[in-house]
Amino acid sequence: MRILVSALIPFLLFSLPGHARNSITLSAKGKTGYSILSPKDASKIEKFAASELAHYLGRISGAEFIVDSRPGKRQITMTLDDSLESEQSEISVEGNSIMLKGGDERGLLYAVYDFLGRLGCRWVAPEFSFFEGTSTFIPEIAKITYAADADVSAGPEMKYRKLYVEEGLTHSEESLLQLIDWMPKLKYNTLVIPLNYLGMGIVKWDNWRERLTPELEKRGIMIEVGGHGYNNFLNAEMENGRLFEQHPEWFGMDAEGNRSKSHKVVFCTSNREAVDYLLKNLLSYLKGHPEIDIFDFWPPDGDRWCTCEECRDESATDRHCRLVALTAEFLKKELPNLKLECLAYNRYVDPPFREKLPDYVLLDFCAYRQNFEYQFYQREDKNNAMYADALCRWREVFDGEMSIYSYYRKYIWLSLPNIFPHYMQKDLKYYRDVGVTGISIYSEPGDWFTYGPNYYVLGHLAQDPDADVEKIMEEYSKQVFGPAWETALSVYSDLENVVRFGTRFPHSTTKRPEQYDEYEAVMRRAFECVVAEKAKYVSSETVHHHLERLALMVEYTIMSIGEMKQAVIRNSSVRWAKMSDEVKAFFLKNKDKGLFVLRDPELYSY
């Protein structure tokens, strides 16, 4: 670790403020004359922001910074400023004081982390154990001097910056708490947890609600719950299993003309009694969960819509939008502070023909079959062109907020190291330009080391799509790999240029065998480079271990290229989401390294 930290210090010191017209010495030799001014009637978020500032300044300097509500001559003053936009932060120097301001409470907390970042603090990932201490860097500085030539102001481009727990294959209460602690440092502001994923009771908000809610609330992180399943509030098992017998007409008619108990078949949305029953149960749940800020109201995944005479003449999107509109109006009267969210996805990705979605609903747009060989908006791929057209049509007919349900880390990738910072930047610039106001990504601790750069870069791009991606990637690599950062950065570049084109990657096109040979040659050179670099750091365990992880990512990529080449030679079809026995064995051999997530085939289908 000494070698790693020594390598980081020159980089971090270079980034510290130098001589400037406004220069304040906060501490020297473990002592300070400064306190932190926080209002006497501070909210829990303001109190947390002040305590975080005191905590980290203490770690940096060795001095004790007191949080005080009484004004003094030398203070770091924390205030809300209604002249700033929501979530906007500002750092300024006024006389002997440093002013940290926020347009709201969340913005004030971001001002604290921005200020600490300017003193050299880095939080590139949650403190998961496999990072071996490199996810965070807090410098030790004998004399803290903050210097600035001008006020510093920042605000997010994307209003909603979400992390989805989704399948939650590798999450635990501990990992969720680590994730929550990290989120505001990268300005992710929404955590999304299923109401009850697949109805299995394993990944379920109520399992973690009591422990997570206070940690989320004191950081100002929005709590988003729900997911696929109108059936959470209307299904055949209700009323002690008698609901279907009592009201078969409430349930969706399948293609054969039979009313169905299946959770995949959407209930009969044209039946007002069925709708009222669902709304009653939904309201009861939400009133019992007042901590929820956003509720996801989605049809079942793999939905099949009712074919009865009253339903079948309308598109799935029209039926979906009518139900969402009715639900949103109903909830607005009962729970005016709740935001209802719905999807544009699968059979209902196109905008409605007849119905209009209320502008106070949040719409998440899902390009599930996006081909990552091309940008979202590139018309060379028919799926991408279809999604881009649908998004633009939604923007024409819907006046509310739209977020992108992204797949920048996707379960169907089977942990293939698709690191693509430049791709994400081009997408986000496009989304910004067409009026999108949110972005999301799945979060799994089990392969966080693999996708760590994506999470880190996306956090920055959601703030500013024009951010310097090269600098962000360099910052991440230096923090995690220390003196071996240049090798890591080079390998990440190779992965960006190979994985989404040359591996068993969903929705990409198959290539000629000689093209796979070229991809394999690139990755074998990368592998040899990592192995040679790893040999230099046998005595530095952390650097050595991280290079070993990087080598495993490259090795897996080579295996996948080989699978694709053999499929082409044999003229056999590729089952994108089916994991081979060889890959399963490879995952099991290298489990718990933060690289791979192996689904349990008895619980989850491939």
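Our subject is the structure listed above.
These numbers come from a predicted model, not from an experiment.

Moving on, we come to the overall build of the protein chain. From N to C terminus, the protein chain includes 17 helices and 19 strands. Relative to its length of 606 residues, the protein chain is compact, with a C-alpha radius of gyration of 26 Å against a globular reference of 25 Å. If one aligns the C-alpha atoms of the protein chain with their principal axes, the spans along those axes are about 80 × 65 × 45 Å. Looking at the protein chain as a whole, 58% of its 606 residues qualify as buried. When the accessible surface of the protein chain is totalled, it reaches about 25100 Å², and 47% of it is carbon and sulfur. If the 73 positive side-chain charges of the protein chain are averaged to one point and the 90 negative ones to another, these points end up 2 Å apart.

On to empty space enclosed by the protein. A probe as big as a water molecule, rolled over the atoms, marks out the empty space that is left. A full pass over the atoms with the stated rule returns seven cavities of 30 Å³ or more. Computed from the structure, the largest cavity encloses a volume of approximately 120 Å³. Considering only residue class, the lining of the largest cavity consists of eight nonpolar, six polar and one charged. Its volume calculated, the second largest cavity comes out at about 70 Å³. Lining the second largest cavity are I412, W413, L414, L416, R504, Y556, S560, E563, W576, M579, S580 and V583. Counting residues per element, the lining of the second largest cavity draws most heavily on helix α16 (residues 541-570), which supplies three residues.

Structurally, the position occupied by S38 is in the loop between β3 (35-37) and α2 (44-61). If near-sequence neighbours (up to four positions away) are discounted, S38 is found in contact with E46, A50, V67, D68 and S69.

What follows deals with the pairing of strand β7 (residues 97-102). Among the six residues in β7, six count as buried, and that is most of the element. The alternating pattern of β7 places S97, M99 and K101 and I98, L100 and G102 on opposite faces, both of which are buried. As paired elements, strand β5 (residues 75-80) and β7 share five bridges and run parallel to each other. In the strand pairing of β7, M78 is matched with L100. In terms of strand pairing, strand β6 (residues 89-94) meets β7 through six bridges, oriented antiparallel.

Overall, the coordinates contain 53 aromatic pairs when judged by the stated rule. With a centroid separation of 5.3 Å and an interplanar angle of 75°, the aromatic rings of Y56 and W123 are classed as edge-to-face. Residue Y56 is found in helix α2, and its partner W123 is found in strand β8 (residues 122-123); the two are separated by 67 residues along the sequence. Here Y56 falls in the buried class, since its relative accessible area comes to 6%. Measuring from ring centre to ring centre gives 6.2 Å for F481 and Y492, while their planes differ by 70°; the resulting arrangement is edge-to-face. With a gap of eleven residues between them, F481 in helix α13 (residues 469-481) and Y492 in helix α14 (residues 485-502) connect regions that are remote in the sequence. Each member of the pair, F481 as well as Y492, carries the same accessibility label: buried. Directly above the aromatic system of Y360 lies the positively charged group of K332, at a separation of 4.0 Å from the ring centroid.

Position of H263 among the secondary structure elements: in the loop between α7 (243-246) and α8 (272-287). Judged by relative accessible area, H263 falls into the partly exposed class, the value being 35%. Linking H263 and P299, residues 36 residues apart in sequence, is a C-alpha distance of 9.7 Å. In this structure the side chain of H263 is engaged in a polar contact, spanning 3.4 Å, whose partner is the side chain of N231.

Right, let's get into the packing of helix α15 (residues 513-535) against α16. A pair of packed helices can be characterised by two numbers: the angle between their axes and the separation between those axes. Two elements in contact, α15 and α16, have axes whose closest approach is 9 Å; the angle formed by their N-to-C orientations is 165°. Compared by their axis directions, α15 and α16 come out roughly antiparallel. Once α15 is placed against α16, the crossing between them reads as left-handed. Of the residues contributing to the contact of α15 with α16, the split by class is 16 nonpolar, two polar and eight charged.

What counts, and at which threshold
Residues take numbers from 1 onward in each chain, read along the sequence in its written order. Residues qualify for local features only when their pLDDT is at least 70, as the model is predicted, and side-chain atom pairs are given and counted only at 80 or more; totals for whole chains, interfaces and linings, by contrast, use all residues. Values reported for side chains reflect all heavy atoms of the structure, with hydrogen atoms and water molecules removed beforehand. Helix and strand assignments come from DSSP, with helices taken as H or I runs of at least 4 residues and strands as E runs of at least 2, each series counted from the N terminus. Both definitions apply: the radius of gyration is a C-alpha atom measure, and the globule rule equals 2.2 Å times residues to the power 0.38. Here's how the labels work: a residue is buried when its accessible area is under 20% of the maximum for its type, exposed when over 50%, partly exposed in between, all with a 1.4 Å probe on protein chains only. The method behind every accessible area is Shrake-Rupley, applied with a 1.4 Å probe, and residues are considered shielded solely by the protein chains displayed. For the purpose of charge, His is not counted, nor are the chain termini; Lys and Arg are scored as positive and Asp and Glu as negative. Note that the charge is assigned to NZ on lysines, CZ on arginines, CG on aspartates and CD on glutamates. Using a 1 Å grid laid over the protein atoms alone, points where a 1.4 Å probe fits but cannot get out form a cavity; open sets with protein on both sides within 12 Å along at least 5 of 7 lines form a pocket; any residue with an atom within 4 Å of a point counts as lining. Grid points are joined across faces, edges and corners, and a volume is the space filled by probe spheres set on the points. For this classification, the nonpolar set comprises Ala, Val, Leu, Ile, Met, Phe, Trp, Tyr, Cys and Pro, the charged set comprises Asp, Glu, Lys and Arg, and every other residue, Gly included, is treated as polar. Two residues form a contact once any of their heavy atoms are found within 4.5 Å. Two strands pair if DSSP finds at least two bridges between them. Aromatic rings from Phe, Tyr and Trp, with only the six-membered ring used for Trp, were paired whenever their centres fell within 6.5 Å, and each pair was classed as stacked if the ring planes differed by under 30 degrees, edge-to-face if by over 60, and tilted otherwise. By definition here, charges over rings are those cases where NZ of Lys or CZ of Arg is within 6 Å of the ring centre and within 35 degrees of the ring normal. Here a polar contact means two N or O atoms within 3.5 Å. Within protein one must be a hydrogen donor candidate and the other an acceptor candidate, and residues neighboring in sequence count only if both atoms are side-chain atoms. All axes are obtained by fitting lines to C-alpha atoms, using only the stretch in contact for helices, and the reported angles, taken between N-to-C directions, cover 0 to 180 degrees. Every angle not falling under 35 degrees, over 145, or within 65 to 115 is termed oblique; those three ranges are roughly parallel, roughly antiparallel and roughly perpendicular. Left-handed describes a crossing whose near helix is turned anticlockwise from the far helix through less than a right angle; right-handed describes the clockwise counterpart.

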